[in-house]
Amino acid sequence: MRLIDAATLKLHNFTSSPTGTPAYAILSHTWGPSEVGFRELRDLGVSVRAARERTMSKAGYYKIKKCCSQALEDGLKWVWVDTCCIDKRSSAELSEAINSMFQWYRNAVKCYAYLDDIDIYGPTRSGRRESISSDARLGAQIGIISEQELSKARWFTRGWTLQELIAPKRVIFYDRAWIRLGDKFTMKKKLSRITGIGESVLETGNLDTETICQRMTWASCRRTTRVEDIAYCLMGIFDVNMPLLYGEGEKAFVRLQEEIMKDSDDETLFAWN
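To start, this report covers the structure provided alongside it. Because the structure is a prediction, the values reported are computed rather than measured.

## Structural notes on the pattern of salt bridges
Should their charged atoms come close, side chains of opposite charge can pair.
Okay, step 1: Scanning the entire structure with this criterion turns up 17 salt bridges.
Okay, step 2: Between Glu248 and Arg255 there is a salt bridge, and its shortest N-O distance comes to 2.6 Å. Both residues of the pair, Glu248 and Arg255, belong to the buried class.

Printed below as a string of structure tokens:
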């Protein structure tokens, strides 16, 4: 597992053994057109000035910096971010990461969910953010955001973020300006109504009592950029592993169903396509 040193933004490799990985925070977010990849972050310290400035001007860099700063504030030295902690040129590394993703989120001490299309205070006409009073900040910190506003976040429509909501013990939500909106526990009623996931699952992360049909329902309205990823992003939800075959299209979902059926006789699974 590759982690970012939150103080220096340098990448470090750790073994996958229980004692080999230090305590870490993890970022949950939706990808945009301006992300920072593995090579960009790896080479940041040795890049020429122009390349370094290009990287640091990206929206993806802002997320990484805020995530690292928050981790340090929370007493955590290490951070994992999917855009830059996986060398996607290696098919073996990518396959290992996707098959391990649910467990990596579950093992995180804290998960920061960044909702970049939610801005609870909004910009002024001049483009600046309005001044935020201490009372308003306190309101944000205890989760005072309406369910209607929260539900507008694209984060709730993406396939990968389903497991990123369920797996971690602690999920803290932040808006575009990295203002705290609340956490999974304080907002569990809102989150349950938005996602259809039961409050007990949000509290415990325990999926054993949930039927295959119910878990498929949670995913039914979510989307992924790649066709295959709608299957791959559900592997952790169903506790299965399988090799990645990008290019197989909808066959990936058929393979997922077959893997699930190896440990289940719930034929309602095949009602989903």
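On we go from here.
## Considerations on the environment of Asp183
Okay, step 1: Of note, Asp183 is situated in strand S7 (residues 180-183).
Okay, step 2: The class for Asp183 is buried, based on a relative accessible area of 11%.
Okay, step 3: Put simply, Asp183 and Val171 are 12 residues apart on the chain and 5.6 Å apart in space, counted from C-alpha to C-alpha.
Okay, step 4: Discounting residues that sit within four places of it in the chain, Asp183 has contacts with Arg170, Val171, Ile172 and Phe173.
Okay, step 5: Looking at Asp183, its side chain comes within polar contact range of the side chain of Arg180, at 3.1 Å.

## Considering the nonpolar core
Okay, step 1: Grouped together as the largest cluster of nonpolar side chains are 78 residues, with contacts concentrated most on Ile4, Trp80, Tyr112, Phe173, Leu234 and Leu256.
Okay, step 2: Two domains share this core, each providing at least three of its residues, namely domain 1 (2-120 + 136-204) and domain 2 (207-272).
Okay, step 3: Not counting chain neighbours up to four residues away, the residues in contact with Leu234 comprise Leu162, Met216, Ala219, Phe253 and Leu256.

## Some thoughts on helix H8 (residues 188-195)
Okay, step 1: For H8, the full list of buried residues reads Lys188, Leu191, Ser192 and Thr195. With its buried residues spanning 100 degrees around the axis, H8 presents them on a single face.
Okay, step 2: After H8 finishes, the residue Gly196 shows a positive phi value of roughly 80 degrees.

## Some thoughts on the sheet that holds strand S2 (residues 11-13)
Okay, step 1: If you walk across this open sheet you meet the seven strands as S2-S1-S4-S3-S5-S6-S7, and the pairing is mixed. Taken across any chain shown, the strands that pair with only one partner, and hence form the sheet edges, are S2 and S7. For this sheet the average axis-to-axis angle between neighbouring strands, irrespective of direction, equals 30 degrees.
Okay, step 2: Sheet analysis places strand S1 (residues 2-5) next to S2, joined by three bridges and oriented antiparallel. Residue pairing for S2: Leu3 is matched across the bridge by His12.
Okay, step 3: Against the sheet, helix H3 (residues 59-73) engages S1, strand S3 (24-28), strand S4 (78-80), strand S5 (110-114) and strand S6 (171-174), with an angle of about 145 degrees to S5.

Cut-offs and rules
Residues numbered from 1 in each chain as written. Predicted model: local features only at pLDDT ≥ 70, side-chain atom pairs only at ≥ 80, totals over all residues. Heavy atoms only, no water. Salt bridge = Lys/Arg side-chain N within 4 Å of Asp/Glu carboxyl O. Buried < 20%, exposed > 50% of the residue type's maximum accessible area, 1.4 Å probe, protein only. Helix = DSSP H or I, 4+ residues; strand = E, 2+ residues; numbered from the N terminus. Contact = heavy atoms within 4.5 Å. Polar contact = N/O pair within 3.5 Å; in protein donor to acceptor, adjacent residues only side chain to side chain. Core = buried A, V, L, I, M, F, W, Y, C linked by side-chain atoms within 4.5 Å. Domains from an automatic or database assignment. Arc of directions from axis to C-beta. Pairing = 2+ DSSP bridges. Axes fitted to C-alpha atoms, helices over the stretch in contact; angles between N-to-C directions.

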